[in-house]
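Structural features, examined
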Amino acid sequence: MDDTVDKLVIFLAKRDGIDKLVKTFQYVSKLVNWHVETRYPDIATRAKQWEVASGLSRKAFRSGRFLTGFNALRRSPGTSSCFRLLAVLANSGEMVYFFFDHFLWLARIGVIDAKYAKRMSFISAFGESVGYVFFIISDFILITRGLKAERKLLTEGEESKETEGEIKKIRMDRIMRLMAVAANIADLIIALAEIEPNPFCNHTVTLGISGLVSAWAGWYRNWPSST
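Calculation notes
Residues numbered from 1 in each chain as written. Predicted model: local features only at pLDDT ≥ 70, side-chain atom pairs only at ≥ 80, totals over all residues. Heavy atoms only, no water. Phe/Tyr/Trp six-rings, centres within 6.5 Å; stacked < 30°, edge-to-face > 60°. Helix = DSSP H or I, 4+ residues; strand = E, 2+ residues; numbered from the N terminus. Buried < 20%, exposed > 50% of the residue type's maximum accessible area, 1.4 Å probe, protein only. UniProt positions renumbered as here; feature names shortened; annotations may be inferred. Expected span 1.5 Å × (residues − 1). Arc of directions from axis to C-beta. Contact = heavy atoms within 4.5 Å.

1. Observations concerning the packing of aromatic side chains
The final tally for this structure, using the stated rule, is 10 aromatic pairs. With a centroid separation of 4.5 Å and 25° between ring planes, the pair formed by Phe11 and Trp219 is classed as stacked. Within this pair, whereas Phe11 is found in helix H1 (residues 4-13), its partner Trp219 is found in helix H8 (residues 204-222), the two being separated by 208 residues in sequence. For Phe11, a relative accessible area of 0% corresponds to the buried category. Relative accessible area serves as the criterion here: at 22%, Trp219 is assigned to the partly exposed category.

Structure representation (structure tokens):
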């Protein structure tokens, strides 16, 4: 499947695909608002409205998403006690994030009292950051294992299609995991801006770039491969 339109249709049919597209809108509009705020206030206002609408839309798209982590633990908790522990910690943090994000969304759109928004945002971001830390650790462990396996295959010196296929598979897995690490680090910065506001994490440029790094890494990971 090499047709770009076919791939785009498949990509946008996924919930993660739509999320990454709207996330791109959200953080591009954030950067546009910051860039033109003083010179073109009318454009800045429109960009801010686009950013807010995109953020709220993403929360709506993620309804029920907390069940993904629960199902991951139920179906594939890990191949060893170490990975099972990491999976429990990572997915539990993600479940807290997505579950309380529902209440943050309801507070932001006025269904429940807006006074709960700050508290829900903090709990959601805290769970999110915990999940990202353990997902990053898991990916780094698997990347290290992949490097060792690749080195072993190369030192054995056996040239065959099977060996080449194994090496290609390891390298592709490493690229995907590096994309996941990049996205998780970027999202961790955004979460830290909510948990412990500081000049670096809360700067518009930091947030904007982090959001786009996360979105585009997600584009890469979810884009259909050629078959």
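The rest of the description comes next.
2. Description of the UniProt feature "transmembrane region" (unreviewed entry) in the protein chain
Taking the UniProt record as the reference, the feature "transmembrane region" (unreviewed entry) is found at residues 82-100 and 120-143. Helix makes up 100% of residues 82-100 and strand 0%. Its end C-alpha atoms lie 27 Å apart. The straight-line gap between the two end C-alpha atoms of residues 120-143 is 34 Å; of that span, 100% is helix and 0% is strand.

3. Re helix H3 (residues 41-61)
Its 21 residues give H3 an end-to-end C-alpha distance of 30 Å, which sits within 8% of 30 Å, the value for a rise of 1.5 Å per residue. Those residues of H3 that sit buried are Ala44, Ala47, Glu51, Ser54, Gly55, Arg58 and Lys59. Projected down its long axis, H3 carries its buried residues within an arc of 135°, all on one side. Exposed residues pointing more than 90 degrees away from the buried face of H3 are listed as Arg46 and Gln49. Residues of H3 that are buried sit in contact with helix H2 (15-36) and helix H5 (81-108).

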